[in-house]
Amino acid sequence: MPKTYTIEIKPGFYILGIDDDKIKYFEGLWYIPEGITYNAYLLKTKDGYVLFDTWKHIYSEEFINELKKIIDPREIKYLVVHHMEPDHSGSIKDLLEINPEILVLGHPLMRGMIESFYNVKPRFKPVKDNEILEIGEYKLRFIHTPWLHWPETIMTYIENLQALLTCDAFGAYGIFDKIYDTELSPEEQEKHMFYTRKYIATVIGHYADWVEKALNKLESLGLNIELIAPAHGIIWKNPSMIIKYYRSWSKGLSISGKKKIVVVYTSMYRFVEKAVKEAIKVLDEKKAFYKIYRFLDDYRDKYSDLLADLLNSSAIILGTATYEASIFPLMRHILDLMIEKIPKNKKVLVITNYGWGGVAGKKIRELLTSNGFEVVDVVEFRAGQIDMFKNRIVEATNKLLETLGE
């Protein structure tokens, strides 16, 4: 049974969380053995309670039970829905069955989505961008942040608490026994930042340009943000840090300025692997910083982890083979993910082999170049002839490093 918890963050302001340690593939797509949390928030005011989001539909019963530990759900006056994806809106129907008088607040697009998703017609009020709701002693400011990562996404700034509720933005995979980023050990902090980068790469990466727009918008509003409370993962008590990381990652840059090379290869019979290892020898000799991802006949790394490292990489070494007169299917999938999910400011070295005719190298160059990547070199060799091409691989790898200033 997943762990559920309610914690008072500030007087009258609560997080209701559940640790989903059963999920294996987020959105049925991204492998996350580290699990994920779903965070809803509750605000007590003099004029009633405001609930922000809910939990995934399979945990509706647990959500209602957790809510009842604090209040009677019939005391809720407003439900703010930041984003209609079912991992945040999934308990709405059960909640409205208990309290149909709740006034649901959200982006104008949400009305049709709620009715369609859950076959309910709640009392609904659309909120305008930068609209302020005064309830009791609190002021809630609603900010439209479209495409982070659906068009109807909004955030809420609770002015009195200087807290920004952001739903998917600034969220992360992973389950920790801590609530705040400041409570994490250095080892936990490193893991958490990787899970945060993995989340932005897999879920929000396609909308990187909108991240920059949203950050600029928040900055222009002059908000005094002391707390960022996302719908997944840890609450940020150091908001300036995660905002800085988000701005850097949305541009495909490393916050430290350290140049990272991601080596990713597929190898059916280890010919490609043998060739790629020649490039790795050069990286070791030059003391370059790199990460390796392998897709073999007896082992596969995670696409989701790969995207996290590709996001803030400086360069990529791709190794694969020609397969049925085209690109090896797994590598084609990786290329599609790169094009779809990560910024294009990467330099690429391509190493390919073939049995009877070389095609993959040319096709990869054309595909990446036409989508904004810079292909520094392509080394293509016939299977079994790696020894004849060692010098070319060494030369090409050095050329890649030179373009990085290594």
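As the structure is a computational prediction, the values presented were derived from the model and not from experiment. Position numbers for residues count from 1 along each chain, tracking the sequence in the order it is written. Totals for whole chains, interfaces and linings use all residues, but because this is a predicted model, local features are given only for residues with pLDDT of at least 70 and pairs of side-chain atoms are given and counted only at 80 or more. As a rule here, side-chain values cover all heavy atoms of the structure and leave hydrogens and water aside.

Chemist: Could you give me a rundown of the overall build of the chain, with the residues and numbers involved?
Modeler: Helix and strand definitions here come from DSSP, where helices need a minimum of 4 consecutive H or I residues and strands a minimum of 2 consecutive E residues; each element is numbered from the N-terminal end. The helix and strand tally for the chain stands at 12 helices and 20 strands. In terms of overall dimensions, the chain has a C-alpha envelope of 80 × 40 × 35 Å along the principal axes. Using a 1.4 Å probe on the protein chains alone, a residue whose accessible area is under 20% of its type maximum counts as buried, one over 50% counts as exposed, and one in between counts as partly exposed. Buried residues in the chain amount to 58% of all 406 residues. A gap of 4 Å separates the mean positions of the 54 positive and 56 negative side-chain charges of the chain. Counting rule for charge: Lys and Arg are taken as positive, Asp and Glu as negative, and neither His nor the chain ends is counted. All charge positions are set by atom: Lys at NZ, Arg at CZ, Asp at CG, Glu at CD.

Chemist: Tell me about the domain arrangement of the chain, and please be specific about residues and values.
Modeler: Domain delimitation in this document rests on an assignment produced automatically or drawn from a domain database. Along its sequence, the chain is organised into domain 1 (3–251) and domain 2 (261–404). Any two residues whose heavy atoms approach within 4.5 Å are treated as being in contact. Opposite the 15 residues of domain 1 that make contact, domain 2 presents 14 residues. The term buried area refers to how much accessible surface (probe radius 1.4 Å) is lost by two components on association, counted for both of them together. Summed over both partners, the interface of domain 1 with domain 2 comes to about 1,300 Å²; 62% of that surface belongs to carbon and sulfur atoms. Each salt bridge in this description consists of a side-chain nitrogen of Lys or Arg and a carboxyl oxygen of Asp or Glu lying within 4 Å of one another. Summed over the shared surface of domain 1 and domain 2, the number is two salt bridges.

Chemist: Residue-level account of helix α9 (residues 303–311), with values.
Modeler: The buried count for α9 comes to eight of nine residues, which makes it a mostly enclosed element. Taken residue by residue, α9 has S304, D305, L306, L307, A308, D309, L310 and L311 as its buried positions.

Chemist: Account for the environment of S220, with residues named and values stated.
Modeler: With respect to the helices, strands and loops of the structure, S220 is situated in helix α6 (residues 208–220). With relative accessibility at 61%, the residue S220 sits in the exposed group. Residues adjacent in sequence count toward polar contacts only when both atoms are side-chain atoms; beyond that, a polar contact is any pair of N or O atoms within 3.5 Å, and within protein one must be able to donate a hydrogen and the other to accept it. A distance of 2.7 Å separates a polar side-chain atom of S220 from the backbone oxygen of K217.

Chemist: So, the packing of α6 against helix α7 (residues 239–250): which residues are in play, and what are the values?
Modeler: Angular values range over 0 to 180 degrees, each being the angle between N-to-C directions of two axes fitted as lines to C-alpha atoms, with helices fitted over their stretch in contact. Running from N to C, α6 and α7 cross one another at 145 degrees; their axes reach a closest spacing of 9 Å. Like other packed secondary-structure pairs, α6 and α7 cross with a definite hand, here left-handed. Here A208, V211, E212, L215, N216 and E219 of α6 come into contact with α7, specifically with I243, Y246, R247 and S250. Residue type decides the class: Asp, Glu, Lys and Arg count as charged, Ala, Val, Leu, Ile, Met, Phe, Trp, Tyr, Cys and Pro as nonpolar, and the leftover types, Gly among them, as polar. Taken together, the residues that form the contact of α6 with α7 break down as five nonpolar, two polar and three charged. Note: crossing handedness is left-handed where the near helix turns anticlockwise from the far helix by less than a right angle, and right-handed where it turns clockwise.

Chemist: Provide a residue-level description of the UniProt feature "domain: Metallo-beta-lactamase" (unreviewed entry) in the chain, including the pertinent values.
Modeler: The sites that UniProt annotates as "domain: Metallo-beta-lactamase" (unreviewed entry) are residues 37–206. Each end of residues 37–206 is marked by a C-alpha atom, and these two atoms are 22 Å apart; helix forms 28% of the span and strand 29%. UniProt positions are given in the numbering used here, feature names are shortened, and annotations may be inferred rather than shown by experiment.

Chemist: A description of the sheet that holds strand β11 (residues 138–144) should follow, citing residues and the corresponding values.
Modeler: The strands making up a sheet associate through hydrogen bonds between their backbones, and the pairing can be parallel or antiparallel. We call two strands paired when DSSP finds no fewer than two bridges between them. Taken together, five strands build an open sheet; the order of strands is β10-β11-β12-β13-β14 and the sheet is mixed. Looking at strand neighbours, the two that pair on one side only are β10 (131–135) and β14 (227–230), the edges of this open sheet. Across this sheet, the average inter-strand angle for adjacent strands is 25 degrees, counted without regard to direction. Strand direction decides the pairing type here: strand β13 (residues 163–167) and β14, joined by four bridges, are parallel. In the strand pairing of β14, C167 is matched with P230.

Chemist: Which residues make up the sheet that holds strand β6 (residues 48–52), and what are the values?
Modeler: The seven strands lie next to each other as β1-β2-β5-β6-β7-β8-β9, forming an open sheet whose pairing is mixed. The sheet is open, and its two edges are formed by β1 (4–10) and β9 (123–126), each paired on a single side. Neighbour-to-neighbour, the strand axes of this sheet turn through a mean angle of 25 degrees, independent of strand direction. Against the sheet, helix α1 (residues 60–68) makes contact with β1, β2 (13–20), β5 (36–45), β6 and β7 (76–80), and its axis sits at roughly 45 degrees relative to β1, the strand it touches most.

Chemist: How would you sum up the packing of aromatic side chains? Please name residues and give values.
Modeler: Note on aromatic contacts: the rings of Phe and Tyr and the six-membered ring of Trp form a pair at centre separations within 6.5 Å, being stacked when their planes are under 30 degrees apart, edge-to-face when over 60 apart, and tilted otherwise. What the rule picks out here adds up to 17 aromatic pairs. Centroid distance Y25 to Y31: 5.2 Å. Interplanar angle 40 degrees. Geometry classified as tilted. We classify Y25 as partly exposed; its relative accessible area is 46%. Here Y31 falls in the partly exposed class, since its relative accessible area comes to 31%. Between W55 and F63 the ring centres are 5.2 Å apart and the planes differ by 65 degrees, which places this aromatic pair in the edge-to-face class. What links up through ring pairs into an aromatic cluster is the set F26, Y173 and Y199. Throughout this description, the term charge over a ring refers to an Arg CZ or Lys NZ atom that lies within 6 Å of the ring centre and within 35 degrees of the ring normal. The ring centre of W210 lies 3.9 Å from the NZ or CZ of K213, which sits over that ring. A cation over a ring is seen here: K258 above F289, with NZ or CZ 4.3 Å from the ring centre.

Chemist: Kindly report on the pairing of β1, identifying the contributing residues and their values.
Modeler: On any regular strand, side chains alternate: one points to one face of the sheet, the next to the other face. Bridge count for β1 against β2 is six bridges, and the pairing is antiparallel. Its bridge partner lying in β2, I7 is registered against I15. The antiparallel pairing of β1 with β2 creates a hairpin that spans two residues between the two strands, and G12 there sits at a positive phi of about 80 degrees.

Chemist: Before we move on, could you go through the nonpolar core and cite the residues and values that matter?
Modeler: For soluble globular proteins, nonpolar side chains are generally found buried alongside one another. Think of a nonpolar core as a cluster: buried Ala, Val, Leu, Ile, Met, Phe, Trp, Tyr and Cys residues, connected wherever their side-chain atoms sit within 4.5 Å. By size, the foremost hydrophobic cluster in this structure holds 93 residues, and its most contacted members are L318 and M338. Each of domain 1 (3–251) and domain 2 (261–404) gives at least three residues to this core. With residues near it in sequence (within four places) discarded, L318 still touches V264, M331, L335, M338, V348, L349, V350, I351, I364 and L368.

Chemist: I'd like to hear about the side chain of H232, residue by residue, with values.
Modeler: Tracing the sequence through the fold places H232 in the loop between β14 and α7. Of note is the side chain of H232, whose polar atom sits 3.0 Å from the side chain of D87. Discounting chain neighbours no more than four positions away, the residues touching H232 are F26, I36, T37, Y38, N39, D87, H88, C167, D168, G171, A172 and Y199.

Chemist: Can you tell me about unusual backbone geometry, naming the residues and giving the values?
Modeler: For the bond running from L148 to H149, omega is 5 degrees, close enough to zero to count as cis. Relative to the assigned elements, H149 resides in the loop between β11 and β12 (154–158). A positive phi is found at D53, a non-glycine position, where the angle reads about 70 degrees. Assignment of secondary structure puts D53 in the loop between β6 and α1. Despite not being glycine, A325 has its phi angle at roughly 60 degrees, a positive value. Structurally, the position occupied by A325 is in the loop between β17 (315–323) and β18 (326–327). Among the residues examined, A325 registers a relative accessible area of 46% and is labelled partly exposed.

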